[in-house]
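# Architecture at a glance
Below, each chain spelled out in residue letters.
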Amino acid sequence: MADPSKRTVLGGRYRLDSLLGQGGMGTVHRALDLKLDRPVAVKVVDAHSRTPDIHARFVREARRTAQIRHPHVVEVFDHGETDSGDLYFVMELLEGEPLSVRLARDGRLSLGRFFRIAREMCEGLGAAHALGIVHRDVKPANVMLVAKGRVNDYVKIVDFGIAKAQNAGTQLTEAGMFLGTLEYIAPEQIMGEALDPRADVYALGVVFHRMLTGKPLYPDVPRSALVMHHLETVPARPEVACPEAGIPRSLADLVMRCLEKDAKARYSDATEIAAALASFEGLFAISDDGPPSSRVVPAAGSQPALDPLDEVTVASSSGPHAEVVLELADAPRSAGTALMARPVSQTCASCKKYVAETADTCPHCGAPRVGSGMRPVTRRSAALAAVPPRDSAPVVLRVLGAIPMWISVPLTLGASLGLALLVKLE
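The model shown is predicted, which means the values in this text are computed figures rather than measured ones.

Reading guide: rules and limits
- Residue indices begin from 1 for each chain and proceed along its sequence in written order.
- With the structure being a predicted model, the display of local features is reserved for residues of pLDDT at least 70 and the display and counting of side-chain atom pairs for 80 or more, all residues being used for whole-chain, interface and lining totals.
- Hydrogen atoms and water are omitted, and side-chain values are computed over all heavy atoms in the structure.
- To qualify as a helix, a DSSP run of H or I must reach at least 4 residues; to qualify as a strand, a run of E must reach at least 2; elements of each kind are numbered from the N terminus.
- Residue exposure (1.4 Å probe, protein chains only): buried if accessible area is under 20% of the type maximum, exposed if over 50%, otherwise partly exposed.
- We call two residues in contact when some of their heavy atoms are within 4.5 Å.
- The Shrake-Rupley method, run with a 1.4 Å probe sphere, supplies the accessible areas, and residue values consider only the shown protein chains as cover.
- DSSP calls a pair of strands paired once it identifies at least 2 bridges connecting them.
- The angle between two axes is taken between their N-to-C directions and runs from 0 to 180 degrees, where each axis is a line fitted to C-alpha atoms and a helix contributes only its stretch in contact.
- Within this analysis, the arc is defined by the directions that extend from the helix axis to the C-beta atoms.

Attention now goes to the overall build of the protein. Helices and strands together make up the secondary structure of the protein, namely 12 helices and 15 strands. By residue count, 45% of the 426 residues in the protein fall in the buried class. Sequence-distant contacts, at least 24 apart, represent 59% of the contacts inside the protein between residues at least 6 apart. When the accessible area of the protein is evaluated, it comes to approximately 21,700 Å², of which 56% is carbon and sulfur surface.

Let us now look at the environment of G214. Within the fold, G214 resides in the loop between α5 (197-213) and α6 (223-232). Under the relative-accessibility criterion, G214 is labelled partly exposed at 27%. Once residues within four sequence positions are removed from consideration, G214 is found in contact with G107, R108 and H209.

Here we come to the sheet that holds strand β10 (residues 151-157). In spatial order, the strands read β7-β9-β10; together these 3 strands make up an open sheet with antiparallel pairing. Of all strands in the sheet, those with a lone pairing partner are β7 (96-98) and β10, marking the two edges. Taken over all neighbouring pairs, the strand axes of this sheet differ in orientation by 30° on average, direction set aside. In the sheet, strand β9 (residues 143-148) pairs with β10 via 5 bridges, with the strands oriented antiparallel. Across the sheet, residue M144 finds its bridge partner in β10, namely K156. Each of β7, β9 and β10 touches helix α2 (residues 99-106); the most contacted strand, β7, lies at about 80° to it. The sheet contacts of helix α3 (residues 111-130) involve β9 and β10, and relative to β10 the element is tilted by about 30°.

What follows is about α2. Those residues of α2 not exposed but buried are L99, R102 and L103. Viewed along the axis of α2, the buried residues span an arc of 95°, placing them on a single side of the element. The positive-phi residue at the C-terminal boundary of α2 is G107, with phi of around 75°.

And the structure:
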């Protein structure tokens, strides 16, 4: 292929402007679609370096990706072959960074960012799984975080280069070999068995573990031993591997189910994981822009099963995705009820409507404000708050409470003695 610096034009339409990256299957260039006057990305395989296997994989990637029409999967516009034999396909240009770069820079993610990124990853892969397409190389490097409107970490799944249809009969690897990335590969993929979406589910579990803990699934293990660990070793649970992250036990259970050695024990596909993650978000008010140590806080009206460490920690929130900040009442729970949560910001946690900072109760739904600031409510103050107000006491007690003690005490004693005398006479 000609030098890209000379403004090579592919197919008479796509002008290559700059090199964006280079991988095992070719190079990726920033280009301009001369017909529509829009920036695009073009993936190219040089005719001199391609083999029949690379040719088949390249064409398959273009076709497989083009079949998946989903907002969280990179869109393919066109593909073709030049007169000189160069293969290329054209896709949307993504401005952002891979998840692998984010994790290398920031370590683990905040729970708010984790929930949104993980859900969007599952929605994109779920669209592929619905078409019977298994990605087979799910890893942070193939998850692009791009800017879209006011959202900075919008997910785009890329690189379906080794994706395979479940019913495809063509085997593009030699016997005893597997394709994929060793750190994220499923046990059945190592063994060369037939794959279904549950292989991607395992890889998602490894990625989720890394996102939550900031550590590899098997830390301090040499690459030569990773294969046996994937096959035989149960990894540390996320909340054990990173106790300071405050990971809810139920979320850790989800990750560990993805990481089951037996594929039949995992979620069936990414869509099922997305539904499970959505149910978590229904139970929790999540701060999307908090620091990595931010915690998930139960939303008002929900009844999640919380770990003890989750009961009095509050995550502050800011930014376009923040909705509400809650303060938890550290009081004993009655049977069948969840830990109480009340609004301390200007948005009611119950009805999501505006509440003035000076208001003691929500004017829309009547939810009371408990405490102020970010301090958890103590058991004593919560117990005192549970005592009914004086006006709600029985009428007799309110009348007696209004009489001076030097009068009310003799009256009470006299009434008691009189009642005892009547009982004795009867």
